[in-house]
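Residue-level listing of the chains:
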Amino acid sequence: NSQKRRHKAAETFTFLGFTHYCSTSKGGWFSVKRKTSRKKFSKKCREMNREISLRRDIPIKDLVTWVNQVLDGYNNYYAITDNSEAISKFYHRVLKLLFKWLNRRSQRTSMDFEQFNMMLKQYPVRRPKIKVNSYRIKYANSFAKSRIGNAARTVPPRGGGGDPFVYSIELT
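Reading the values: the criteria
- Residues numbered from 1 in each chain as written.
- Predicted model: local features only at pLDDT ≥ 70, side-chain atom pairs only at ≥ 80, totals over all residues.
- Heavy atoms only, no water.
- Helix = DSSP H or I, 4+ residues; strand = E, 2+ residues; numbered from the N terminus.
- Areas by Shrake-Rupley, 256 points an atom, 1.4 Å probe, with all protein chains shown as cover.
- Axes fitted to C-alpha atoms, helices over the stretch in contact; angles between N-to-C directions.
- Parallel < 35°, antiparallel > 145°, perpendicular 65-115°, else oblique.
- Left-handed = near helix turned anticlockwise from the far one by under 90°.
- Contact = heavy atoms within 4.5 Å.
- Nonpolar A, V, L, I, M, F, W, Y, C, P; charged D, E, K, R; others polar.
- Phe/Tyr/Trp six-rings, centres within 6.5 Å; stacked < 30°, edge-to-face > 60°.
- Lys NZ or Arg CZ within 6 Å of the ring centre and 35° of its normal.
- Core = buried A, V, L, I, M, F, W, Y, C linked by side-chain atoms within 4.5 Å.
- Buried < 20%, exposed > 50% of the residue type's maximum accessible area, 1.4 Å probe, protein only.
- Expected span 1.5 Å × (residues − 1).
- Pairing = 2+ DSSP bridges.

## What about the overall build of the protein chain?
Point 1. The helix and strand inventory of the protein chain stands at six helices and five strands.
Point 2. Ordered by position in the sequence, the α and β elements of the protein chain form the string α-β-β-β-α-α-α-α-α-β-β.
Point 3. When the accessible surface of the protein chain is split by element, carbon and sulfur atoms take 53% of a total near 13100 Å².

As structure tokens, then:
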């Protein structure tokens, strides 16, 4: 199959809001990586633009609280290994939209970047961080399998009765 493609880049596919693509790990091994789908990213940015514009007249504290809730939800789903660039880009896009719509609360400019940064110190917007490390999950699963395979023995249920096919696993 690779000879037919003549070393073209492997195909990507989008599933559950992620674009899955082939790459190599830091150690040079083949790896399937995930990043936020372009379609989902732009849709969420448009939605944030609309929602912040509608909420620009509420107090800043309440607006930032709402933005933090939205960012938490977004990060709970999209903050996985290899997707740090996309969640960072979304965070900065939201800050840019917040600055834009806070400056459109009246006919004159409400704040410059310095004042905006002071406002962010008073009402901080949560920074994104990776919540799920898929490499650690893979390592933990392979470690558990090797431990159970090497050091486990099957023990029949106590009392001698019950289903003869049901055994518990004890680590020795």
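## Details of the packing of helix α2 (residues 38-55) against helix α3 (residues 60-78)
Point 1. Contact geometry for α2 and α3: axes closest at 11 Å, N-to-C directions at 165°. It follows from the interaxial angle that α2 and α3 lie roughly antiparallel. Note that α2 runs across α3; the crossing there is right-handed. Along the contact surface, α2 presents K40, F41, K44, M48, E51, I52 and R55, while α3 presents L63, W66, V70, Y74 and Y78.
Point 2. Tallied by class, residues from the contact of α2 with α3 come to eight nonpolar, no polar and four charged.

## A closer look at the environment of R55
Point 1. Turning to its location among the elements, R55 is positioned in helix α2.
Point 2. Linking R55 and L102, residues 47 residues apart in sequence, is a C-alpha distance of 9.6 Å.
Point 3. Sequence-distant contacts of R55, that is, excluding residues within four places in its chain, are made with L63 and W66.

## Brief notes about the packing of aromatic side chains
Point 1. Enumeration over the complete set of coordinates arrives at eight aromatic pairs.
Point 2. These aromatic residues form a ring-pair network of at least three members: F18, F41, Y74, Y77, Y78 and F90.
Point 3. Note that R104 overlies the ring of W101, its terminal NZ or CZ placed 5.3 Å from the centroid.

## Some thoughts on the nonpolar core
Point 1. In this structure, M48, F90, L98, F116 and V125 are the most contacted members of the largest nonpolar core, which totals 30 residues.
Point 2. Take this core: its biggest share by element is 10 residues, from helix α4 (residues 84-102).
Point 3. Among all residues touching V125, those that are not within four sequence positions of it are V64, V67, N68, L71, Y91, L95, L98 and L120.

## Comments concerning α3
Note that an α-helix has 3.6 residues per turn; residues three or four places apart therefore point the same way.
Point 1. Taking 1.5 Å of rise per residue, 19 residues should cover 27 Å, and α3 covers 26 Å from first to last C-alpha, within 8% of that figure.
Point 2. Three or more residues of α3 are buried, namely L63, V64, W66, V67, N68, V70, L71, Y74, N75 and Y78.
Point 3. Considering only its buried residues, α3 is in contact with β2 (18-24), β3 (30-36), α2, α4 and α5 (113-122).

## Side note on the sheet that holds β2
Point 1. Spatially, the three strands line up as an open sheet ordered β1-β2-β3, and their pairing is antiparallel. Whereas interior strands pair on both sides, the edge strands pair on one side only; in this sheet they are β1 (13-15) and β3. Within the sheet, the average angular offset between the axes of one strand and its neighbour, ignoring direction, is 40°.
Point 2. Both β2 and β3 contribute to a ladder of seven bridges, which runs antiparallel. Residue pairing for β3: S23 is matched across the bridge by S31.

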